[in-house]
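Close look at the chain arrangement
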Amino acid sequence: MKPTRRKIQETPRETGFHKTTRNCLQHIREVLLHHKWQDAAEYMTSYSQTLEDTTANMPQLYAEIIWRIGTEILHHHPDSKLEDYNSFYERVKHSGVKHYLKVCLEHSFHLLVNGQFEDAKLQLSIAESWRYGKQSAGQSQRIRLIQAYSGFLDYFIWCDKKATASSTDEYDAAVNQEMHSYFRQSSVNLKEIMKLPGVWDPFVLSYIDMLEFYNDHEGAVKVLNDYAYDNSFPPNPNAHVYLYRYMKKQNHPLKKILKVLKILHTLVPSHELMPEYCSLLVQSENEGDLQKALGVVLDLLDYSSWRSNLDVWNHLMNIIKRLRMKKQWLKIFAEEMGYRKDWWLEIHFSTFQARKDSAENRELLEVKSFVVGAFCPRYASMYCGVGKAARKGVTSEARKAKRNPKPLRNIRRLRRERGQQSQD
């Protein structure tokens, strides 16, 4: 039986045109690394000739490279104008159909950032009506995203109408009717995108703003609840922040507010709202909430960004003062300390930390001294002793400097005297 020979697939040889474009792209990369935007723009003008390449699949690849790099150059070029962006985006959009919707969306977003609402709306309308071939799932999702941004633009126009209406004392029925028309248009598109799993913070906030204006508070809470608690959506701490702030603004019961913050604490124990969560737990009449507040504060102090925060340590001091009224408060404290018992004292009450606290924040030193003294007097004496010694050292040095206002001149004089003695 004769051995079969494997057929070697031939690869197309690199032509002179391909070699030139490859070298041109390499030059573009080099000048981009050195932020030479004018040189990059000139090279890009030459590189755009690659769109004339008839090799299979190559024009699509070249179009994406031109789109990505060209946008970067325009963002950084000192002389770029809005007209340059418009011309560039139009050319890229018509260089291939694969990225048409993405480029339209980026173009409209750039117009939106520059306050060109009407032009941005026009670009989105064009993209929304665009179709090519059989609609894929990805293409359908991009169209829904474009519709969402169209609703977002309607919200901005609604905000302008609202500002106009509020600037005059007289009621204008036409303006209010126009506002409501934009509200309906925006709501339809924003509600559709919020049915898809994802992170839609700007769309949610704009929709809530309109619902609140029309006093639909139940609808707003429902939207925020769905956004925060729908398991098909990715975990999003912001969703719980928005729900908490709205419920607080509308004076919802403390029990419901604490439930929202509890989930936020689970997601982000170091969140900036955690001190507020701790305060609410302390205010609660529930017996177990004080221990929860202790756990929240200890979680905060595990993060370096909170370790020197006076407010957090004050929270801990006040919690300990209230816990000490109970017979088994040390047991409660030990339960919350848990896995921290082997390292917590060394991190917060070391000699280095005592010197640092003494130099930077005297009040913090006193609060921490109370905290550690409540459950570990041995560390308290060491921490306070080092802090006081460091304070005395600084004070004595200041006194010496005051008595001798020209220390450098004295040091130089002593050095000269020693030099003369060594020569003798």
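Cut-off values and rules
- Residues numbered from 1 in each chain as written.
- Predicted model: local features only at pLDDT ≥ 70, side-chain atom pairs only at ≥ 80, totals over all residues.
- Heavy atoms only, no water.
- Phe/Tyr/Trp six-rings, centres within 6.5 Å; stacked < 30°, edge-to-face > 60°.
- Helix = DSSP H or I, 4+ residues; strand = E, 2+ residues; numbered from the N terminus.
- Buried < 20%, exposed > 50% of the residue type's maximum accessible area, 1.4 Å probe, protein only.
- Lys NZ or Arg CZ within 6 Å of the ring centre and 35° of its normal.
- 1 Å grid on protein atoms, 1.4 Å probe; cavity = no way out; pocket = protein on both sides within 12 Å on 5 of 7 lines; lining within 4 Å.
- Points joined across faces, edges and corners; volume = space filled by probe spheres on them.
- Nonpolar A, V, L, I, M, F, W, Y, C, P; charged D, E, K, R; others polar.
- pLDDT = per-residue confidence, 0-100.
- Contact = heavy atoms within 4.5 Å.
- Axes fitted to C-alpha atoms, helices over the stretch in contact; angles between N-to-C directions.
- Parallel < 35°, antiparallel > 145°, perpendicular 65-115°, else oblique.
- Left-handed = near helix turned anticlockwise from the far one by under 90°.
- Arc of directions from axis to C-beta.
- Polar contact = N/O pair within 3.5 Å; in protein donor to acceptor, adjacent residues only side chain to side chain.

1. Re the packing of aromatic side chains
- Summed over the entire model, instances satisfying the criterion amount to 25 aromatic pairs.
- Between the aromatic rings of W329 and F333, the centroid separation amounts to 6.3 Å while the plane-to-plane angle is 70 degrees, which identifies the pairing as edge-to-face. Taken as a pair, W329 and F333 lie in helix α16 (residues 329-337) at a separation of 4 residues, close to a single helical turn. Here W329 and F333 have matching classes, each one buried.
- Through pairs of rings, three or more aromatic residues link up here, namely F109, F117, Y149, F152, Y155, F156, W158, F183, W200, F203, F213 and Y214.
- Lying across the ring of W67, R68 places its NZ or CZ 4.0 Å from the centre.
- In this structure, K321 packs its charged tip against the face of F370, placed 5.4 Å from the ring centre.

2. Regarding the layout of surface pockets
- Of the volumes computed, that of the largest pocket is approximately 460 Å³.
- Every residue lining the largest pocket is counted, 19 residues in all, and those nearest its centre are A41, M44, T45, L74 and F88.
- Elements supplying a minimum of two residues to the lining of the largest pocket: α2 (37-47), α3 (58-76) and α4 (82-93).
- Class assignment for the residues of the lining of the largest pocket results in 9 nonpolar, 7 polar and 3 charged.

3. Considering the confidence of the model for the protein
- Counting all residues, the mean pLDDT for the protein is 84, and 83% of those residues have values of 70 or more.
- Element-level pLDDT for the protein is lowest in helix α21 (residues 407-423), with a mean of 51, against a maximum mean of 97 in helix α11 (residues 237-249).
- Confidence drops under pLDDT 50 across residues 3-11; counting only partners more than four residues distant or on other chains, this segment forms 0 contacts.
- Contacts of residues 394-411 to residues separated by more than four positions or lying in other chains number 1 contact, the stretch itself having pLDDT below 50.

4. Description of the packing of helix α10 (residues 217-229) against α11
- Relative to each other, α10 and α11 sit at 155 degrees, their axes nearing to 8 Å. Comparing their axes, α11 and α10 come out roughly antiparallel. As for the relative orientation of α10 and α11, their crossing is left-handed in sense. Here α10 contributes H217, A220, V221, L224, N225, Y227, A228 and Y229 to the contact with α11, which in turn contributes A239, H240, Y242, L243 and Y246.

5. Focus: helix α18 (residues 351-360)
- The complete set of buried residues in α18 reads Q353, A354, D357 and S358. Buried residues in α18, looked at end-on, bunch into an arc of 135 degrees, giving them a common side. Of the exposed residues in α18, those oriented more than 90 degrees away from the buried face are F352, A359 and E360.

6. Things to note about the side chain of N236
- Looking at the element boundaries, N236 is found in the loop between α10 and α11.
- Within polar-contact distance, the side chain of N236 engages the side chain of Y227 at 3.1 Å.
- Of note is the side chain of N236, whose polar atom sits 3.1 Å from the backbone nitrogen of N238.

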